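# Tertiary structure, described
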Amino acid sequence: MPANTYELKDFSIQNGLFFMHMYHQPGRPETGDYWEIFEKCCSLMEPNSSVFGWEHSSLHDERGINGATSKYGLNTAVNDWAYNYPLANAGYRKRQNGDLARVLDPRTIDFSKNKKRFVSFYLTDGDNTQWMMSSFTGRYLLHPDASATRTSFGINTTLTPQISPEAYAAILANQPEGCSFIEVQGGGVIYSDSFAEARDRQKALKERARQTAAWMRQHRVRVLGLMARDSACSAEAQECYKAMIEANDQLVGVIALQYTPYAGGKGNIYWFKNLAGYDIPVVTVKYSIWNTNPPYQDVEGSPAFVARKLDSDTNNPDFNLVAIHAWSSFTDAGADCDETAELDTKGGIYSSGAGRLCMNHLDDSYEVVNIEEMLWQLRMRERPAQTKKYLRGLK
């Protein structure tokens, strides 16, 4: 399911999965749809199962598809444009090679930089497993500006190792110097605020958190990213953050997005205690570097727009998580350009390159760091006694 599912037929046969098209004629929503059947199927599936495919029409957009799956405690695996899944995942259980991400040793951080305003760039859309299997590594992860901008990359540490162990191994093997990885969405696409709202939410959420923690620990990924459907700051979303933190005592922190705008949380920060007794921060995206569809004018725009918004920001101004929309591109219009000059897509500057444009507009009061360092700096600033205790206990 749903729009382009021909590529998944062999995968369905291989694994004995239920298979359906969303529309009466595939790719033509105007011919009618099977939405009621789709929702019924979701309601009958076991919680924490996966729905493979994706949606491309205006009739049922990604918010609707993810809303239906998340409502019933399922996750969406975004993978309708890749091919040869039976070959890519054949014998995947025996092809888990113990690949580990490189993580920042917090004992090497200079915590005396307490006058700096920290900025961390996060590249979005890493829940997209077909992207992980195709252009992600060569075109995005190995972008020439990745290390200079300390970009943190969202990746799918839960489904990608099962769907294509080789693609996942290549991602970890090519981690740029100074960059961090973030597990995106907690195992396929889920919404933190609506997950399992039509089921036994507490039970399904606890199992989702357990599974996500297991995969993250297996690959030494220490930062989790979650997305809310309606509000990254709601009580329901915070319930999800709490469950994820309690299930994984290796988390350095959590980042939180909202659909949409991604920066709906506006930089709010929340704290939840893990089972080892340490307070773990949840940092919401403050602004998004964005250039597709009409932007939400107060929180999304060009690199110059984001830099100037940071200059006047008063909500946790020293800790700034900036999302770089993976599918947006810009033009270098110089350091003194207005806020719209960079929006010309013909310049072809994307990914970490957009982060570089933003850095060009920041003065020396800022320091760009990867997400792990920003989270550790936040923990030392706001929870110094706890953080020093933790660092003393490292071997």
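Attention here is on the structure that accompanies the text. Fair warning: this is a prediction, and the values are worked out from it, not measured in the lab. (Residues numbered from 1 in each chain as written. Predicted model: local features only at pLDDT ≥ 70, side-chain atom pairs only at ≥ 80, totals over all residues. Heavy atoms only, no water.)

## Remarks on the overall build of the protein
- Within the protein, the regular secondary structure consists of 14 helices and 17 strands.
- Relative to its length of 395 residues, the protein is compact, with a C-alpha radius of gyration of 20 Å against a globular reference of 21 Å.
- Here the C-alpha coordinates of the protein stretch approximately 60 × 50 × 40 Å along the principal axes.
- Looking at the protein residue by residue over its 395 residues, the buried ones come to 57%.
- For the protein, long-range pairs separated by at least 24 residues make up 78% of all intrachain contacts whose partners lie at least 6 apart in sequence. (Helix = DSSP H or I, 4+ residues; strand = E, 2+ residues; numbered from the N terminus. Rg over C-alpha atoms; globule rule 2.2 N^0.38 Å. Buried < 20%, exposed > 50% of the residue type's maximum accessible area, 1.4 Å probe, protein only. Contact = heavy atoms within 4.5 Å.)

## Focus on unusual backbone geometry
- Here the amide bond leading from Tyr259 into Thr260 is cis, since omega sits at -25°, within 30 degrees of zero.
- Residue placement: Thr260 occurs in the loop between strand 9 (253–258) and strand 10 (269–273).
- The phi dihedral of Arg220 falls on the positive side, at around 55°, and the residue is not glycine.

## Some words on the state of the cysteines
- Taken as a whole and assessed by the stated rule, the structure comprises 0 disulfides.
- Here Cys179 is not cross-linked by a disulfide; its sulfur's nearest cysteine counterpart is in Cys358, at 16 Å.
- With a relative accessible area of 5%, Cys179 lands in the buried category.
- Considering cysteine sulfurs only, Cys240 is the nearest to Cys233, which forms no disulfide, with 14 Å between them. (Disulfide = S-S within 2.5 Å.)

## Brief notes about helix 10 (residues 235–247)
- Across its 13 residues, helix 10 extends 19 Å between first and last C-alpha, which sits within 8% of the 18 Å expected from 1.5 Å per residue.
- Three or more residues of helix 10 are buried, namely Ala237, Cys240, Tyr241, Ala243, Met244 and Ile245.
- On its buried face, helix 10 sits against helix 9 (201–218), strand 8 (223–228), strand 9, strand 10 and strand 11 (279–284). (Expected span 1.5 Å × (residues − 1).)

## With respect to the packing of helix 11 (residues 303–312) against helix 12 (residues 352–359)
- The contact between helix 11 and helix 12 brings their axes to 8 Å, and the two run at 50°. By the angle class used here, helix 11 and helix 12 are oblique. Between helix 11 and helix 12 the crossing geometry is right-handed. Between helix 11 and helix 12, the residues in contact are Pro303, Val306 and Ala307 and Ala354, Leu357 and Cys358, respectively. (Axes fitted to C-alpha atoms, helices over the stretch in contact; angles between N-to-C directions. Parallel < 35°, antiparallel > 145°, perpendicular 65-115°, else oblique. Left-handed = near helix turned anticlockwise from the far one by under 90°.)

## Details of the pairing of strand 8
- Buried residues dominate strand 8, accounting for 6 of its 6 residues.
- Residues Val223, Gly225 and Met227 of strand 8 are buried on one face, and the alternating residues Leu224, Leu226 and Ala228, pointing to the opposite face, are buried as well.
- Across 2 bridges, the pairing between strand 7 (residues 180–184) and strand 8 is parallel. Counted as the bridge partner of Val184 is Gly225 from strand 8.
- After leaving strand 7, the chain enters helix 9 and then returns to the sheet as strand 8, a path that is right-handed. (Pairing = 2+ DSSP bridges. Right-handed = clockwise from strand over helix to strand, strands pointing away.)

## Some remarks on the environment of Asn97
- Locating Asn97 in the fold gives a position in the loop between helix 4 (85–89) and strand 5 (117–123).
- Measuring from C-alpha to C-alpha, the distance between Asn97 and Ala169 comes to 8.0 Å, with 72 residues separating the pair along the chain.

## Digging into the side chain of Ser288
- As for its position among the elements, Ser288 is in strand 12 (residues 287–289).
- Beyond its immediate chain neighbours, meaning those up to four positions away, Ser288 contacts Tyr262, Ala263, Val299, Glu300, Gly301, Val306 and Ala323.

## Considerations on the pattern of salt bridges
- Summed over all chains, the structure comprises 18 salt bridges.
- The partner of Arg107 in a salt bridge is Asp105, with the nearest N and O atoms 3.0 Å apart.
- Ionic pairing is found between Asp313 and Lys286, a salt bridge with its closest N-O pair at 2.7 Å. Of this pair, Asp313 sits in the loop between helix 11 and strand 14 (319–324) while Lys286 sits in the loop between strand 11 and strand 12, and the two are 27 residues apart along the sequence.
- Linked through salt bridges whose partners overlap, the residues forming this network are Arg63, Glu197, Arg229 and Asp230. (Salt bridge = Lys/Arg side-chain N within 4 Å of Asp/Glu carboxyl O.)

## Considerations on the pairing of strand 5
- For strand 5, the buried fraction is high: 7 of the 7 residues fall into the buried class.
- Here strand 5 shows a buried face lined by Arg117, Val119, Phe121 and Leu123 and a second buried face lined by Phe118, Ser120 and Tyr122.
- Relative to strand 14, strand 5 runs parallel, the two being bridged by 6 bridges. Residue pairing for strand 14: Tyr122 is matched across the bridge by Ala323.
- Pairing of strand 5 with strand 6 (residues 152–155) involves 2 bridges; the strand directions are parallel. When the sheet's bridge partners are listed, Leu123 is paired in strand 6 with Phe153.

## Points about the packing of helix 13 (residues 371–382) against helix 14 (residues 384–392)
- Their axes nearest at 5 Å, the elements helix 13 and helix 14 cross at an angle of 120°. Of the possible angle classes, the one that applies to helix 13 and helix 14 is oblique. Residues Trp376, Arg379, Met380, Arg381 and Glu382 of helix 13 form the contact with helix 14, whose participating residues are Pro384, Thr387, Lys388, Tyr390 and Leu391.
- Tallied by class, the residues present in the contact of helix 13 with helix 14 amount to 5 nonpolar, 1 polar and 4 charged. (Nonpolar A, V, L, I, M, F, W, Y, C, P; charged D, E, K, R; others polar.)

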